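# Coordinate analysis (summary)
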Amino acid sequence: MAQSAEERGERVRVGSRGSKLALTQSRMVVGQLTEAHAGLETELETVKTMGDKIQDVAMSKIGDKGLFTKELETALAGGAVDVVVHSLKDMPTTLPDNMRLAAVTEREDPRDAVVMGARHRGRRLEDLAAGSTVGTGSVRRVAQLRRLHPHLRFADIRGNIDTRLAKLDAADSPFDALVLAAAGLRRLGLGARIAYTLDGVLHAVGQGALGIETRADDARTAALVRCLDHRRSRLECLAERELMRVLEGGCSVPIGVLTRWGAGSLVLRAIVASPDGARAVEAEAAAPLADGAASDGDGDDDRARALGAQVAAIMRGRGVDEILGAIRRAAPPPS
């Protein structure tokens, strides 16, 4: 008879950022692990990342390479924790050689959501007066929204979700609305604040999914977290992440994506827009992949990555490197 995790004396230390959302997400993961492995002991360790420390500077001005992951990976590499829970959209597409993306959790709604200030309840962005201010910390969102709503102005806003909502709700708020990830709002029980989701704006790579990172040589922990992996979400995110890796994008480069399942295929659509919204390159392609639990393992993963690379190649043929080059030339030097 197989022994339980308790009988084997198994214990997993989970690393997380210390924000309310990060801890909520990590506790979700811990709950799934203990449900799947009876008697498994878990510890939740919080780590403050550089992105948590710098709250008064726009992301586009400080760069984003490992901004929310580096300190967590240091703790993982040093053995202080056994597994790290990331918002997948924050994870660099190229991991250190001694790390692996061991699982991708089932994806929450990946779309962006509009939260209106109290004086605009019941309205949409198109209903706001010219010059109204929309707060968001994402260059990707601004680049697409400027194309859809040229009458609005957009201002950077940093901080955790509660902080951003408090800034919107203040009596002297400079913001008329915010655009935030729907997944984060819903995970924090704030779904009622969503006025509507933005179907016309392509979301960030990996948005709505959690990435479970382990040490590459830790087969024991990789086996324990395998229960967290959701095939459909993994394949979607692998395609999106390969697109970003090939184009060398990040939070400071406005790459938007949308993956959907067709008849026996995974379809990836992508857009890269200039920050001023004046120019954009779009592309779409599909790969033969079944939408279901059945899998041929690495073969499916390879096909998903090939789809991302294919879309990137189409975009390069349409001149996306001109937009990306201009963005990189305007970006700050790496710290």
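Keep in mind the model is a prediction, meaning the values are calculated, not measured.

## What to know about the overall build of the protein chain
Each helix and strand in the protein chain was counted, giving eleven helices and 13 strands. By residue count, 54% of the 335 residues in the protein chain fall in the buried class. Expressed as a percentage of contacts within the protein chain between residues at least 6 apart in sequence, the contacts between residues at least 24 apart total 72%. When the accessible area of the protein chain is evaluated, it comes to approximately 14900 Å², of which 49% is carbon and sulfur surface.

## Concerning the sheet that holds strand β12 (residues 265–273)
Judged by pairing direction, the sheet is antiparallel, and its three strands sit side by side in the order β11-β12-β13 without closing on themselves. Each of the sheet's edge strands pairs with one partner strand only, and the pair in question is β11 (255–262) and β13 (280–288). With direction set aside, neighbouring strand axes in the sheet form an average angle of 15°. Across nine bridges, the pairing between β12 and β13 is antiparallel. Bridging across to β13, Ile-271 finds its partner in Glu-282. Taken strand by strand, helix α9 (residues 231–247) contacts β11 and β12, and its axis lies near 145° from that of β11.

## Things to note about the nonpolar core
Counting 30 residues, the largest nonpolar core has Leu-243, Leu-247, Ile-255, Val-272, Leu-307, Val-311 and Met-315 as the members making the most contacts within it. Those elements giving two or more residues to this core turn out to be α9, β11, β12, β13, α10 (298–317) and α11 (320–330). If one sorts the elements of this core by residue count, α9 sits on top with seven residues.

## Focus: the packing of aromatic side chains
If you walk through the whole model with that rule in mind, you get zero aromatic pairs. It is Arg-124 that lies over the ring of Tyr-196; its NZ or CZ is 3.8 Å from the centre.

## Concerning α10
Helix length check: α10, at 20 residues, gives a terminal C-alpha distance of 28 Å against a target of 28 Å (1.5 Å per residue), a fit within 8%. Asp-300, Asp-301, Ala-304, Leu-307, Gly-308, Val-311, Ala-312 and Met-315 are the residues of α10 that are buried. Here the buried residues of α10 occupy an arc of 130° about the axis, which is enough to place them on one side. The exposed residues of α10 that point more than 90 degrees off its buried face are Asp-298, Ala-313 and Gly-317. Among the residues trailing α10, Gly-319 stands out with phi positive, at a value near 95°.

## A word on α11
Because an α-helix completes one turn every 3.6 residues, residues spaced three or four positions apart along the sequence face the same direction. Taken together, the buried positions of α11 are Val-320, Ile-323, Leu-324, Gly-325 and Ile-327. Looking at the buried positions of α11, the neighbouring elements they touch are α9, β12, β13 and α10.

## Focus on the sheet that holds strand β9 (residues 196–197)
Sheet architecture is open: five strands sit in the order β7-β6-β8-β5-β9, paired in mixed fashion. If you trace the sheet from one side to the other, it starts and ends with β7 (153–155) and β9, each paired once. Bridge count for strand β6 (residues 133–135) against strand β8 (residues 177–181) is two bridges, and the pairing is parallel. Among the inter-strand pairings, Gly-135 is bridged to a residue of β8, identified as Leu-178. Sitting on the sheet, helix α5 (residues 139–148) is in contact with β5 (112–116), β7 and β8, with an inclination near 125° to β8. Sitting on the sheet, helix α6 (residues 161–169) is in contact with β5 and β8, with an inclination near 165° to β8.

## Some words on the pattern of salt bridges
In the structure shown here, the tally under the stated rule is 29 salt bridges. Across the pair Asp-291 and Arg-232 runs a salt bridge whose closest N-O atoms are separated by 3.0 Å. Of the two residues, Asp-291 is situated in the loop between β13 and α10 and Arg-232 in helix α9; the sequence distance between them amounts to 59 residues. On the accessibility criterion, Asp-291 (40% relative accessible area) is partly exposed. Among the residues examined, Arg-232 registers a relative accessible area of 35% and is labelled partly exposed. Here the residues in one salt-bridge network are Arg-107, Arg-232, Glu-236, Glu-240 and Asp-291, joined through shared partners.

## So, the pairing of β5
Regular strands have side chains that alternate between both faces of the sheet. Within β5, five of the five residues are buried, which leaves it mostly tucked inside the rest of the structure. Burial along β5 is two-sided: Asp-112, Val-114 and Met-116 and Ala-113 and Val-115, pointing in opposite directions, are all buried. As paired strands, β5 and β8 are joined by five bridges and run antiparallel to one another. Bridge pairing links Asp-112 to Ala-181 in β8. Bridge count for β5 against β9 is two bridges, and the pairing is antiparallel.

Rules used throughout
- Residues numbered from 1 in each chain as written.
- Predicted model: local features only at pLDDT ≥ 70, side-chain atom pairs only at ≥ 80, totals over all residues.
- Heavy atoms only, no water.
- Helix = DSSP H or I, 4+ residues; strand = E, 2+ residues; numbered from the N terminus.
- Buried < 20%, exposed > 50% of the residue type's maximum accessible area, 1.4 Å probe, protein only.
- Contact = heavy atoms within 4.5 Å.
- Areas by Shrake-Rupley, 256 points an atom, 1.4 Å probe, with all protein chains shown as cover.
- Pairing = 2+ DSSP bridges.
- Axes fitted to C-alpha atoms, helices over the stretch in contact; angles between N-to-C directions.
- Core = buried A, V, L, I, M, F, W, Y, C linked by side-chain atoms within 4.5 Å.
- Phe/Tyr/Trp six-rings, centres within 6.5 Å; stacked < 30°, edge-to-face > 60°.
- Lys NZ or Arg CZ within 6 Å of the ring centre and 35° of its normal.
- Expected span 1.5 Å × (residues − 1).
- Arc of directions from axis to C-beta.
- Salt bridge = Lys/Arg side-chain N within 4 Å of Asp/Glu carboxyl O.

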